[in-house]
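Notes for the structure review
If you want the building blocks of each chain, they are given just below.
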Amino acid sequence: MSVDGLCCKRCGSLDHVKSGLAWHHQRCRCRACGCHFTDTPMRGKPPATKALAVLLYSMGGMSFSAIGRVLG
Ligand SMILES: [Zn+2]
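Here is a short report on the structure shown in this document.

Definitions and limits used
- Sequence positions are assigned chain by chain, starting from 1 and proceeding in written order.
- Restriction of local features to residues with pLDDT of at least 70 applies here, the model being predicted, together with a cutoff of 80 or more for giving and counting side-chain atom pairs; totals for whole chains, interfaces and linings are based on all residues.
- Paired strands, in this sense, are two strands between which DSSP finds at least two bridges.
- Where helices and strands are cited, they refer to DSSP runs of H or I of at least four residues and of E of at least two residues respectively, numbered from the N terminus.
- Structural elements are reduced to axes, namely lines fitted to C-alpha atoms, with helices fitted over the stretch in contact, and the angle between N-to-C directions of any two is expressed from 0 to 180 degrees.
- Burial is judged by counting the other C-beta atoms within 10 Å of a residue's own C-beta: 20 or more makes it buried, 12 or fewer makes it exposed, and any count in between marks it as partly exposed, with every C-beta position built from the backbone.
- Contact definition: two residues whose C-beta atoms, as placed from backbone geometry, lie within 7 Å.

Moving on, we get to the sheet that holds strand E1 (residues 16-22). Either a parallel or an antiparallel arrangement is found when strands of a sheet pair, and the pairing is made through backbone hydrogen bonds. The strand order across the open sheet built from three strands is E1-E2-E3, with neighbouring strands paired in antiparallel fashion. Each edge of the open sheet carries a strand with a single partner, namely E1 and strand E3 (36-38). Within this sheet the neighbouring strands show an average axis-to-axis angle of 35 degrees, counted without direction.

Let us look at the environment of Cys8. Tracing the backbone through its elements, the reader meets Cys8 in the segment before E1. Look at Cys8 and you get buried, because 20 C-beta atoms sit within 10 Å. Cys8 sits 30 residues away from Thr38 along the chain, and the two C-alpha atoms are 8.9 Å apart. The contact partners of Cys8, leaving out residues within four places of it in the chain, are Ser13, His16, Cys30, Ala32, Cys33, Cys35 and Phe37.

On to the environment of Arg31. Examined against the element boundaries, Arg31 turns out to sit in the loop between strand E2 (25-30) and E3. Arg31 gets classed as partly exposed once you count the C-beta atoms within 10 Å, which come to 14. Note: C-alpha distance between Arg31 and Cys8 (23 residues apart in sequence) is 9.0 Å. Discounting chain neighbours no more than four positions away, the residues touching Arg31 are Asp15, His16 and Val17.

Given below as structure tokens:
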């Protein structure tokens, strides 16, 4: 169990092992689900914003680029 505070970006598990570097970031492999992720902080839009974007796309006929302008 790592204590560096990183959690798997896929399943949220804190149980991971370091597995090299990727793009100058520490690369880790989740021991719970086996996926790889880096230690870059989670950034960008909260999930709700993404869901809204998908909703706009599917219901409003807006293009993703137009949605990107609206939502930033
Ligand atoms: Zn995982």
